[in-house]
Amino acid sequence: MTSQKASARAHTNIALIKYWGKKDQQLILPMNGSLSLTLDHFYTDTMVEFNSAFTEDTFYLNQKKFDATKVSPFLDLVRQLNPQAGYAHVISKNHVPNAAGLASSASAFAALALAASTAAGLKLSRRDLSRLARRGSGSATRSIYGGFVEWLPGTSDQDSYAVPIDEKVDWDIEMLAIIIDRKQKKVSSREGMQRVVATSPFYPAWVKSTNTDLIAAVKAVKQHNLKLLGQLAESNALRMHALNLSARPPFSYFEPQSLVAMNIIEKLRSQGVCCYYTLDAGPNVKVICSTAESRQIISALSAAFAPEQIIEAFPGPGAKLIEC
Ligand code: PMV
């Protein structure tokens with residue numbers, strides 16, 4: 001009997017310039033490039049063991065057994081790279097304060113890519129890990145790296161991967177996550193993006209404007225320009241959500257409390273505070289701001305949200321191996 005184990009930790013990331021639409025469903029090739037910030041606070045630890053004595057894949061998440069079909073198609077990609085690898089046991093734990101509805105497929109598939117490829121005896125480069133993580137979930141492509149990360153859309157499996165833009169973020173930027181809803185998404189990101197690509201009359205304009213936003217946002221990161229980066233992120237997020245409203249049938253991830261948070265941020269901004277928001281495929285609002293001003297922002301948000309709904313997160317590291 002041969003057994004090989006590895007464990008990895010990967011952190012989640014929040015897109016400032018969003019991926020919202022695929023040009024290849026199977027390979028998960030995005031319509032446009034995207035830019036994200038990896039966060040320290042939210043991460044997934046995953047242990048993978050390949051063992052020739054196992055007769056099936058098994059998958060545990062947060063000590064609960066799940067259907068292995070959630071991980072088997074991804075493990076099959078690893079088995080294609082090393083046909084000696086047999087069935088695997090996968091044990092994952094999401095470290096997300098208060099089970100916050102931010103548990104993301106990004107940290108999950110980035111951790112699984114590193115743990116499974118290492119357990120299978122493969123020594124993949126970070127570029128190849130990023131390509132592999134992409135096959136689990138698009139946003140996982142970026143969680144291989146820490147700090148600011150760009151996903152180059154590419155045209156094939158070979159050239160669609162992430163690159164670090166600023167891994168050791170040494171300037172004053174953080175995010176406040178406002179937890180509004182912990183329930184499952186009404187429309188999954190897979191379904192939502194497919195619907196907008198197929199039905200929104202504005203989709204071509206989204207791709208065009210996002211490509212322009214991305215170039216400007218990468219420049220803003222390099223210049224440590226929080227204000228410009230925040231402006232670009234907020235307007236890009238609102239355009240993504242406008243696509244959803246313009247799809248057929250239309251859908252929205254906003255909840256009344258999302259609008260409350262957005263209004264508080266807009267009001268603070270009118271008072272001279274540098275803060276901007278972004279939302280993904282759910283109602284939670286993420287605020288981009290500096291640590292110098294975060295106390296003031298948390299205090300304003302406290303008028304509408306309980307302390308446990310506001311989580312402060314800082315730039316975080318890339319995926320790494322940990323003790324089994
Ligand atoms: O990787 P997925 O399928 O969870 O899609 C992520 C989509 C957004 O979070 C809304 C945007 C992004 O770039 O992460």
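Residues numbered from 1 in each chain as written. Predicted model: local features only at pLDDT ≥ 70, side-chain atom pairs only at ≥ 80, totals over all residues. Heavy atoms only, no water.

A. Quick peek at the nonpolar core. If you look at the biggest cluster of nonpolar residues, it comprises 34 residues, and the most contacted ones within it are Val48, Phe50, Phe74, Leu75, Val78 and Leu112. Elements with a minimum of two residues in this core: β1 (3-17), β4 (34-51), α1 (72-81), β7 (88-95), α2 (105-119) and α3 (126-134). For this core, the leading source of residues is α2, giving 9 residues. When sequence neighbours within four positions are dropped, the list of residues in contact with Val48 reads Gln4, Lys5, Ala6, Ala88, His89, Val90, Leu112, Ala115, Ala116 and Ala119. Ala217, Leu226, Tyr276 and Ile288 belong to the second largest nonpolar core, which has 30 residues in total. (Core = buried A, V, L, I, M, F, W, Y, C linked by side-chain atoms within 4.5 Å. Buried < 20%, exposed > 50% of the residue type's maximum accessible area, 1.4 Å probe, protein only. Helix = DSSP H or I, 4+ residues; strand = E, 2+ residues; numbered from the N terminus. Contact = heavy atoms within 4.5 Å.)

B. Representation of the packing of helix α7 (residues 256-270) against helix α8 (residues 291-301) in the model. In the contact formed by α7 and α8, the axes pass within 10 Å of each other and the chain directions differ by 135 degrees. One element, α7, and the other, α8, form an angle in the oblique class. Between α7 and α8 lies a crossing whose hand is right-handed. On the side of α7, the interface is formed by Ile264, Ile265 and Leu268, while α8 contributes Ile297, Ala300 and Leu301. Taken together, the residues that form the contact of α7 with α8 break down as 6 nonpolar, no polar and no charged. (Axes fitted to C-alpha atoms, helices over the stretch in contact; angles between N-to-C directions. Parallel < 35°, antiparallel > 145°, perpendicular 65-115°, else oblique. Left-handed = near helix turned anticlockwise from the far one by under 90°. Nonpolar A, V, L, I, M, F, W, Y, C, P; charged D, E, K, R; others polar.)

C. Local environment of the sheet that holds strand β10 (residues 174-178). Read from one edge to the other, the open sheet built from 4 strands follows the order β11-β12-β10-β13, with strand pairing classed as antiparallel. The sheet terminates laterally at β11 (276-279) and β13 (310-313), the two strands that pair on one side only. When strand polarity is set aside, the average angle formed by the axes of neighbouring strands in this sheet is 25 degrees. With 4 bridges joining them, β10 and β13 adopt antiparallel strand pairing. Opposite Leu176, over in β13, you have Glu312 as the bridge partner. Running over the sheet, helix α6 (residues 226-245) touches β11 and β12 (285-289) and is turned about 35 degrees from β11. Seen against the sheet, α7 touches β10, β11 and β12 and runs at an angle of roughly 160 degrees to β11. (Pairing = 2+ DSSP bridges.)

D. The arrangement of the site of the ligand in detail. In the vicinity of the ligand lie 14 residues, with Tyr19, Ser137, Ser139, Arg142 and Ser189 positioned nearest. Ser139 is positioned such that a nitrogen or oxygen atom in its side chain is 2.8 Å from an oxygen atom of the ligand. At 3.1 Å, a side-chain N or O of Ser189 approaches an oxygen atom of the ligand. Burial of the ligand by the protein chains amounts to 89% of its free accessible area of 390 Å². Of the residues belonging to the shell around the ligand, the class tally is 6 nonpolar, 5 polar and 3 charged. (Near = heavy atom within 4 Å. Polar contact = N/O pair within 3.5 Å; in protein donor to acceptor, adjacent residues only side chain to side chain. Areas by Shrake-Rupley, 256 points an atom, 1.4 Å probe, with all protein chains shown as cover.)

E. Highlighting α6. The end-to-end C-alpha separation of α6 is 29 Å, in line with the 28 Å expected for 20 residues at 1.5 Å each. Taken residue by residue, α6 has Leu226, Leu229, Gly230, Leu232, Ala233, Glu234, Asn236, Ala237, Met240, His241, Leu243 and Asn244 as its buried positions. (Expected span 1.5 Å × (residues − 1).)

F. Structural context of the state of the cysteines. A complete count under the given rule lists 0 disulfides for this structure. Looking at the unpaired Cys289, the closest cysteine sulfur is the one in Cys275, lying at 7.1 Å. Of the residues examined, Cys289 reaches a relative accessible area of 0% and is grouped as buried. (Disulfide = S-S within 2.5 Å.)

G. Quick peek at the packing of aromatic side chains. Per the counting criterion, the structure on display carries 6 aromatic pairs. Relative to Trp151, the ring of Tyr19 has its centre 4.9 Å away and its plane inclined at 65 degrees; by these criteria the two rings are edge-to-face. Of this pair, Tyr19 sits in the loop between β1 and β2 (22-24) while Trp151 sits in strand β8 (residues 148-152), and the two are 132 residues apart along the sequence. In this pair, the class of Tyr19 matches that of Trp151, namely buried. Relative to Tyr253, the ring of Trp20 has its centre 6.2 Å away and its plane inclined at 75 degrees; by these criteria the two rings are edge-to-face. A residue pair is termed long-range when its members are at least 10 positions apart, and Trp20 in the loop between β1 and β2 and Tyr253 in the loop between α6 and α7 qualify at 233 residues. On the basis of relative accessible area, Trp20 is assigned to the buried category, the value being 3%. The buried category is assigned to Tyr253, whose relative accessible area is 4%. Among the aromatic residues, ring-to-ring pairing joins Trp20, Phe251 and Tyr253 into one connected group. (Phe/Tyr/Trp six-rings, centres within 6.5 Å; stacked < 30°, edge-to-face > 60°.)

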